[in-house]
Amino acid sequence: MPKTLPTPKLVIFDCDGVLVDSEPASNQVLIENLARHGLKLTIEQSMAHFVGGTLSGVMARARSLGAELPEDWIAEVSAEIFARLRQGVPLMPGIPELLARLDAEGIPVCVASNGSEEKMRITLGQNGLWERFHPLAMFSAQALGVAKPDPGLFLAAASHFGVQARDCLVIEDSGSGVTAAVRAGMRCLGFAPQEQGQTLAALGAEVFADMEEVPALLSI
């Protein structure tokens, strides 16, 4: 029989692409913006290059690809992305049910994102989750000054909840997030509803495609 893994003492969710389906909208804004600055990308290329990164990282990568970006580009594109997200961003299918199941099992949850708290206020606020996570269960790279793939964001969450890294479980959809979890010594589930599962698995994630699979993976 396969070995049953212990139930985690803390579940750490990424935000964009895990709790909320915000990546397509954000990346559509990115490709429209970057096209004005001399870099034309498809939505697939944008997702491959930028998902899971910080905006400063996106800026550096876009410049390396040929974009001519002004120094105030982050403020410019942030305003455009936030305006688009305010038009509406749904929760990922299965998230309300999964959170309810974790609550019923008494397992603490939190969110750790490379995005800003302002961005999470927009996306989570539309869906009733801002009040759930803010401020005591929300960890932002912008606020803490450390971003994935550095493990510090996840380690800060574990420390806040008084949980050892080995007893945490991270749910991520990006390579940088999976790398951060592995570096932190945390078990990581890689959410891959489309086709990026092979990449996440290679980095050390246990890949799944539907939130309905998570309780069984957590032995609950």
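Residues numbered from 1 in each chain as written. Predicted model: local features only at pLDDT ≥ 70, side-chain atom pairs only at ≥ 80, totals over all residues. Heavy atoms only, no water.

Quick notes on the nonpolar core
By size, the foremost hydrophobic cluster in this structure holds 74 residues, and its most contacted members are Ile12, Phe13, Leu124, Phe133 and Ile171. Setting aside anything within four residues of it in sequence, one finds Phe13 in contact with Val18, Leu19, Ile95, Leu98, Leu99, Leu102, Val109, Cys110, Val111, Ala112 and Ile171. (Core = buried A, V, L, I, M, F, W, Y, C linked by side-chain atoms within 4.5 Å. Buried < 20%, exposed > 50% of the residue type's maximum accessible area, 1.4 Å probe, protein only. Contact = heavy atoms within 4.5 Å.)

Quick look at helix α4 (residues 73-85)
If you check α4, its first and last C-alpha atoms are 18 Å apart, about what 13 residues at 1.5 Å a residue would give, namely 18 Å. Every buried residue of α4 is accounted for by Trp73, Val77, Ser78, Ile81, Phe82 and Leu85. Burial along α4 is one-sided: seen end-on, the buried residues are contained in an arc of 150°. Looking at the buried residues of α4, the elements they touch are α1 (23-36), α3 (55-64) and α6 (117-125). (Helix = DSSP H or I, 4+ residues; strand = E, 2+ residues; numbered from the N terminus. Expected span 1.5 Å × (residues − 1). Arc of directions from axis to C-beta.)

Some remarks on the pattern of salt bridges
If you walk through the whole model with that rule in mind, you get ten salt bridges. Taking the shortest distance from any N to any O, the salt bridge between Lys9 and Asp167 comes out at 3.7 Å. On the criterion of sequence distance, the pair formed by Lys9 in the segment before β1 (10-13) and Asp167 in the loop between α9 (152-161) and β4 (168-172) is long-range, its members being 158 residues apart. Linking Arg132 and Asp103 is a salt bridge whose minimum nitrogen-to-oxygen distance equals 2.6 Å. On the criterion of sequence distance, the pair formed by Arg132 in helix α7 (residues 130-133) and Asp103 in helix α5 (residues 95-105) is long-range, its members being 29 residues apart. A residue is classified by how much of its surface remains accessible, and Asp103, at 43% relative accessible area, is partly exposed. Here the residues in one salt-bridge network are Asp14, Lys148 and Glu172, joined through shared partners. (Salt bridge = Lys/Arg side-chain N within 4 Å of Asp/Glu carboxyl O.)

A closer look at the packing of aromatic side chains
Tallied over the entire structure, the rule returns one aromatic pair. Positioned above the aromatic ring of Phe133, the side-chain terminus of Arg132 is 5.7 Å from the ring centre. (Phe/Tyr/Trp six-rings, centres within 6.5 Å; stacked < 30°, edge-to-face > 60°. Lys NZ or Arg CZ within 6 Å of the ring centre and 35° of its normal.)

A closer look at the sheet that holds strand β2 (residues 109-113)
The six strands lie next to each other as β3-β2-β1-β4-β5-β6, forming an open sheet whose pairing is parallel. Each having just a single partner strand, β3 (138-140) and β6 (206-208) make up the two edges of the open sheet. On average, each strand axis in the sheet is tilted by 25° relative to the strand beside it, whichever way the strands run. The sheet contacts of α5 involve β1, β2 and β4, and relative to β1 the element is tilted by about 160°. Across the sheet, α6 touches β2 and β3, and the angle it forms with β3 is around 135°. (Pairing = 2+ DSSP bridges. Axes fitted to C-alpha atoms, helices over the stretch in contact; angles between N-to-C directions.)

As for the pairing of β4
Burial within β4 is extensive, with five of its five residues counted as buried. Here β4 shows a buried face lined by Cys168, Val170 and Glu172 and a second buried face lined by Leu169 and Ile171. With four bridges connecting them, β1 and β4 associate as parallel partners. Pairing of Leu10 across the sheet is with Cys168, part of β4. Relative to strand β5 (residues 187-191), β4 runs parallel, the two being bridged by four bridges. Bridge pairing in β5 places Ile171 opposite Leu189.

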